Amino acid sequence: MASSTFPRSATVVMAVLVVAALCGIHGATAQLCENHYADTCPDAYDIVKQVLIEAHQSDERIYASLIRLHFHDCFVQGCDGSLLLDSVPGMQSEKDSLPNKGSARGFPVVDAVKAALEAACPGVVSCADILAIASEISVVESGGPSWGVLLGRLDGKTSNFTGSGNLPAPFEDLATLQGKFKAVGLNGDIDLVALSGAHTFGRVQCANVADPPADRLYNFSGTNMPDPTMDSAYRAFLSQRCPRNGDSTVLNDLDPTTPDTFDNHYYTNIEVNRGFLNSDQELKSSPLAQGTTAPIVDQFASSQDAFFASFAQSMINMGNIRPVTDPSQGEVRKNCRRVN
């Protein structure tokens, strides 16, 4: 049944056209649209792109890190830039929560983007929109698809430390992941599989494969045995990099085939049981995946075009999770780390 939801190239175009038609609506009912900054900051996209390209020259991980920031922001009280806020007395930031502390990165680059935009167009481009623009640029610059980034979000004024504990986790099973996607209004099959494809680039710590509760190498699900779904040669390779009781912070390629390229090899790896995270392999190997997410993995593994089209649409869907557009509820921060 899942296969009937794709390919979605036409859906991508239609979704953008429908939303673009609503761009003339303003105020508390404002809609996101591609040309939101056409008059107020026409060079916004190019300004963000230039900062990101310069940052990538010294940090090849930055593109993957930035799209992760957007994901972790949107899944907690919507795409409102709340993840970017620093902790202050009376408000503990999402960035200090367990899913983010020590792993969420790229904040100084966001600061640099914001500074460049403030110099060109003071008080115009929100931090939440910076994350959306940066995500699309990061994917395109890594060889992936482009899409019309819908803009016009305002920045929220609070950060939800407790809510960030509900982010999808790398050790969770398919049913839990599907439930968390549905809870924010996304599809638990196509959006889950497509957005998980962002793991086709970037790095991940050994803790996510060799330590509890994610231990797939030594004590999977309390069995004192490795995860039986993991390819034995891949498991042996990871065991060398992530020995039992070793350094949990050692980094590994999420996609060992093309680690810095945005392509469909994430899915071809899963097809041969070489998904790094439990949440990755669950999309194919879970009994629940049969007839739901597994056919989508198969489709994306065989067709990069199908993956790219669905990923673009799912990024648009994710960017529409509870955006703040009412000026009484949000603002354009001058500094992404604190409210005005």
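Residues numbered from 1 in each chain as written. Predicted model: local features only at pLDDT ≥ 70, side-chain atom pairs only at ≥ 80, totals over all residues. Heavy atoms only, no water.

- An unreviewed UniProt entry lists the chain under the name Peroxidase, from Urochloa decumbens.
- In its Subcellular location (unreviewed entry) section, the UniProt record describing the chain reads: "Secreted".
- In UniProt, the chain has this text filed under Catalytic activity (unreviewed entry): "2 a phenolic donor + H2O2 = 2 a phenolic radical donor + 2 H2O". (UniProt positions renumbered as here; feature names shortened; annotations may be inferred.)

**A few points about the overall build of the chain**
Thought 1: If you tally the helices and strands in the chain, you get 13 helices and 2 strands.
Thought 2: Taken over the C-alpha atoms alone, the chain extends approximately 55 × 45 × 35 Å along its principal axes.
Thought 3: Counting over 340 residues, the chain shows a buried share of 53%.
Thought 4: Accessible surface computed for the chain: about 14200 Å², of which carbon and sulfur atoms make up 53%.
Thought 5: Looking at charge distribution, the chain has the averaged site of its 24 positive side-chain charges lying 5 Å from that of its 38 negative ones. (Helix = DSSP H or I, 4+ residues; strand = E, 2+ residues; numbered from the N terminus. Buried < 20%, exposed > 50% of the residue type's maximum accessible area, 1.4 Å probe, protein only. Areas by Shrake-Rupley, 256 points an atom, 1.4 Å probe, with all protein chains shown as cover. Lys, Arg positive; Asp, Glu negative; His and termini not counted. Charge placed at Lys NZ, Arg CZ, Asp CG, Glu CD.)

**Quick notes on the pattern of salt bridges**
Two side chains with opposite charge may pair up if their charged atoms get near one another.
Thought 1: Overall, the coordinates contain 16 salt bridges when judged by the stated rule.
Thought 2: Note that arginine 337 is salt-bridged to aspartate 86, the shortest N-O span being 3.3 Å. Remark: aspartate 86 occurs in the loop between α3 (62-74) and α4 (107-120) and arginine 337 occurs in the segment after α13 (304-319); sequence separation between them is 251 residues.
Thought 3: A salt bridge links aspartate 227 to arginine 216; the nearest nitrogen and oxygen atoms lie 2.8 Å apart. Of this pair, aspartate 227 sits in the loop between α8 (207-210) and α9 (232-241) while arginine 216 sits in the loop between α8 and α9, and the two are 11 residues apart along the sequence.
Thought 4: On the basis of relative accessibility, which here comes to 2%, the residue aspartate 227 falls in the buried class.
Thought 5: Overlapping salt bridges bring together Glu60, Arg203, Asp253 and Asp260 as one network. (Salt bridge = Lys/Arg side-chain N within 4 Å of Asp/Glu carboxyl O.)

**A look at the environment of valine 250**
Thought 1: Mapped onto the secondary structure, valine 250 falls in the loop between α9 and β2 (251-253).
Thought 2: A residue is classified by how much of its surface remains accessible, and valine 250, at 25% relative accessible area, is partly exposed.
Thought 3: Sequence separation between valine 250 and phenylalanine 161 is 89 residues; the distance between their C-alpha atoms is 26 Å.
Thought 4: With residues near it in sequence (within four places) discarded, valine 250 still touches Val204, Gln205, Cys206 and Arg241. (Contact = heavy atoms within 4.5 Å.)

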